[in-house]
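Residues per chain, in single letters:
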Amino acid sequence: MLLAQPGRIGRFTLKNRVVMAPMGTNYSTTDGLSTERDKMYYAERARGGVAAIMTEAMVVTEHARPHHNSLCVYHDRFIPGLARIVDAIHRHDCHVFGQLNHRGGLLRRSVLGMEPVGPSAWHNPNTGDAVRPLALNEIEEIQRLFVQAARRLAQAGYDGVEIHAGNGYLFQQFLTPRINKRTDRYGGSLDNRMRFLLETVERVRADLPATVLIVRLSC
């Protein structure tokens, strides 16, 4: 059976080809710290036999939190708790990758006062919230925050990092001409709309050349 055969992700050999996708648990504290329940939840999935786990999406900035009890990685104080999760998963011959995300225009003002931001001015049809276009210096700052967050995951012992560029979140908002109406180097042609994501990938690779890097896209 193919699923039971070894697989590969980057330089890692997986014991089988079953990978647990990232799913929010809401098991963290209200300030984004991991808990014993988080650790036990992921350890149980690793004990169940999957070869790799992608932990739930973690935000790269305190200004982009999606939930009250979501894991965060925007500060060094989150590293020790994440390291405990990694250790619990590794004990069961299971690899672990961390997903990094920024929801952009899908942020909700009703959740922790988060401001929706995106490539261009628009309204989130699900909330009615107005979305503010990002300035060039803010785009560069978000790229820097992704690099810093990836570095923290590496310090916590994660086997790799996934940049979330699908499901309608910030990177995909830049990719789609339906939302991205910019007239600078981040808008217009496909090459320009891809620039934000590709630059972020390049910056993470330059800072962490040995880290396995995955990009999630929606097709």
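Quick look at the structure, then. (Residues numbered from 1 in each chain as written. Predicted model: local features only at pLDDT ≥ 70, side-chain atom pairs only at ≥ 80, totals over all residues. Heavy atoms only, no water.)

As a further point, take the sheet that holds strand β4 (residues 52-59). Ordered in space as β3-β4-β5-β9-β10, the five strands form an open sheet in which the pairing is parallel. Of all strands in the sheet, those bounded by a partner on one side alone are β3 (19-20) and β10 (212-217). By the bridge criterion, six bridges tie β4 to strand β5 (residues 95-101) in an arrangement that is parallel. The residue bridging M58 from the neighbouring strand is L100, located in β5. Set on the sheet, helix α3 (residues 136-155) makes contact with β4, β5 and β9 (160-165); between it and β5 the angle comes to about 160 degrees. Lying on the sheet, helix α5 (residues 190-207) is in contact with β9 and β10; it crosses β10 at an angle near 165 degrees. (Pairing = 2+ DSSP bridges. Helix = DSSP H or I, 4+ residues; strand = E, 2+ residues; numbered from the N terminus. Contact = heavy atoms within 4.5 Å. Axes fitted to C-alpha atoms, helices over the stretch in contact; angles between N-to-C directions.)

This part covers helix α2 (residues 79-90). In an α-helix there are 3.6 residues to a turn, and that puts residues three or four apart on one side. Here α2 contains 12 residues, and its C-alpha end-to-end distance of 16 Å stays within 8% of the 16 Å for a straight helix at 1.5 Å per residue. Of the residues making up α2, those classed as buried are I79, G81, L82, A83, I85, V86, A88 and I89. Those residues of α2 hidden inside the fold are in contact with α1 (36-47), β4, β5 and α3. (Expected span 1.5 Å × (residues − 1). Buried < 20%, exposed > 50% of the residue type's maximum accessible area, 1.4 Å probe, protein only.)

Non-glycine residue D93 carries a positive phi angle of around 55 degrees. Here D93 is to be found in the loop between α2 and β5. Accessibility expressed as a relative area gives 51% for D93, which makes it exposed. Here N167, not a glycine, exhibits a phi torsion of approximately 55 degrees, which is positive. With respect to the secondary-structure elements, N167 resides in the loop between β9 and α4 (170-175).

Ranked by internal contacts, the top residues of the largest apolar core, which has 48 residues, are L82 and L100. Contributions of two or more residues to this core are made by α1, β4, α2, β5, α3, β9, α4 and α5. If one sorts the elements of this core by residue count, α3 sits on top with eight residues. Among all residues touching L100, those that are not within four sequence positions of it are M58, V60, V73, F146, A149, A150, L153, V161, E162, I163 and H164. Counting eight residues, the second-largest nonpolar core is a separate cluster that includes I9, F12, L14 and A52. (Core = buried A, V, L, I, M, F, W, Y, C linked by side-chain atoms within 4.5 Å.)

Secondary-structure assignment places I139 in helix α3. The class of I139 is buried, set by a relative accessible area of 0%. Spatially, the C-alpha atoms of I139 and R182 are 13 Å apart, while their sequence positions differ by 43 residues. Setting aside anything within four residues of it in sequence, one finds I139 in contact with L134, F174, R182, Y186 and F196.

The first and last C-alpha atoms of α3 sit 29 Å apart over 20 residues, in line with the 28 Å expected at 1.5 Å per residue. Taken together, the buried positions of α3 are occupied by I139, I142, Q143, L145, F146, V147, A149, A150, R152 and L153. In the segment just after α3, G157 is the residue with positive phi, at about 100 degrees.

Another aspect to go through is the pairing of β9. Counted residue by residue, β9 has six buried out of six residues, so it is predominantly covered. Of the two faces of β9, both are covered, the one formed by G160, E162 and H164 as well as the one formed by V161, I163 and A165. Summarising the sheet, β5 and β9 pair through four bridges and their orientation is parallel. Residue L100 lies in a different strand from β9, and its bridge partner there is I163. Alignment of β9 against β10, held across six bridges, turns out to be parallel. Of the residues in β10, the one forming a bridge with G160 is V212.

In this section: the side chain of Q143. Within the secondary structure, Q143 sits in helix α3. We classify Q143 as buried; its relative accessible area is 1%. A polar side-chain atom of Q143 sits 3.3 Å from the main-chain carbonyl oxygen of F196. Side chain to side chain, Q143 and E199 meet in a polar contact 3.0 Å long. For Q143, the residues in contact, after removing those within four places along its chain, are Y186, F196, E199, T200 and R203. (Polar contact = N/O pair within 3.5 Å; in protein donor to acceptor, adjacent residues only side chain to side chain.)

These figures come from the coordinates and say nothing about function on their own.
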